[in-house]
Amino acid sequence: MKTELISTRIEHDLKVEFTNICDDLGLSPSQAIKLFAKAVINYGGIPFQLKVKQPNAVTRQAMEELESGKGTRVKDATELFSDLGVDIQDA
């Protein structure tokens, strides 16, 4: 069977982490990509759910507070930290 070459660029850190996990599984990165390609074919699409990262409950609550007009405005970071009770001199 004739083989084809797929080439892609990824960040160095991503490649290192991917390669390390593949090594732990006893696979080469090339074998892992082939497995992924076969899974896509068998599944008829990406074999896992793709979704946008959602804010956690605290962030969602803060967003709702701002949207309802109940948020507090500060003039700068110093005032923000002061309102939060954080002494930035200690940082």
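Conventions adopted
Numbering of residues starts from 1 in each chain and follows the order in which that chain's sequence is written. Since the coordinates come from a predicted model, pLDDT governs what is reported: local features require at least 70, and pairs of side-chain atoms require 80 or more to be given and counted, while whole-chain, interface and lining totals use all residues. Water and hydrogen atoms play no part in the side-chain values, which are based on all heavy atoms of the structure. UniProt positions are given in the numbering used here, feature names are shortened, and annotations may be inferred rather than shown by experiment. Whenever a helix is involved, its axis is fitted only over the stretch in contact; in every case the axis is a line through C-alpha atoms, and angles between N-to-C directions fall within 0 to 180 degrees. Strands here are runs of E lasting at least two residues and helices are runs of H or I lasting at least four, both read from the DSSP assignment and numbered beginning at the N terminus. An angle counts as roughly parallel when it lies under 35 degrees, as roughly antiparallel when it exceeds 145, as roughly perpendicular when it falls between 65 and 115, and as oblique in every other case. Only heavy atoms matter for contacts: two residues are in contact if any of them lie within 4.5 Å across the pair. For this classification, the nonpolar set comprises Ala, Val, Leu, Ile, Met, Phe, Trp, Tyr, Cys and Pro, the charged set comprises Asp, Glu, Lys and Arg, and every other residue, Gly included, is treated as polar. We define a polar contact as two N or O atoms separated by no more than 3.5 Å, with the added condition that, inside protein, one atom must be a possible hydrogen donor and the other a possible acceptor, whereas residues neighbouring each other in sequence contribute only through side-chain atom pairs. Any two of the Phe, Tyr and Trp rings considered here, Trp counted by its six-membered ring, make a pair once their centres fall within 6.5 Å; the pair's planes then place it as stacked at under 30 degrees, edge-to-face at over 60, or tilted in between. Relative accessibility decides the category of a residue: with a 1.4 Å probe and only protein chains considered, values under 20% of the type maximum give buried, values over 50% give exposed, and everything between is partly exposed.

You'll find the chain entered in an unreviewed UniProt entry as Type II toxin-antitoxin system RelB/DinJ family antitoxin, with Lentisphaera profundi given as the organism. The heading Sequence similarities (unreviewed entry) in the UniProt record of the chain holds the text "Belongs to the RelB/DinJ antitoxin family."

Novice: Which parts of the structure should I look at to understand the packing of helix 1 (residues 12–25) against helix 2 (residues 29–43)?
Specialist: Think of two packed helices as two axes; the pair is described by the angle between the axes and how far apart they sit. Between helix 1 and helix 2, the least distance of the axes is 9 Å, while the angle of their chain directions is 85°. The orientation of helix 1 with respect to helix 2, classified from their angle, is roughly perpendicular. Of the residues in helix 2, those touching helix 1 at Phe18, Thr19 and Cys22 are Pro29, Ala32 and Ile33. The class makeup of the residues in the contact of helix 1 with helix 2 is 5 nonpolar, 1 polar and no charged.

Novice: Any chance you could explain helix 3 (residues 57–67) here in plain terms?
Specialist: Residues that lie three or four places apart on an α-helix share one face, since the helix turns once every 3.6 residues. For helix 3, the side-chain oxygen to backbone nitrogen distance between the N-cap and Val58 is 3.2 Å, and the N-cap itself is Asn56. At the exit of helix 3 stands Gly69, carrying a positive phi of roughly 85°.

Novice: What should I look at first to understand the packing of aromatic side chains in this one?
Specialist: The description of an aromatic ring pair uses the distance of the two centres, along with the angle that the planes make with each other. One pass over the full model with this rule turns up 1 aromatic pair. For the pair Phe36 and Phe48, a centre-to-centre distance of 6.2 Å together with 35° between the ring planes defines the contact as tilted. Of the two residues, Phe36 sits in helix 2 while Phe48 sits in the loop between helix 2 and helix 3, which places them 12 residues apart along the sequence. Judged by its relative accessible area of 37%, Phe36 falls in the partly exposed class. Judged by relative accessible area, Phe48 falls into the partly exposed class, the value being 47%.

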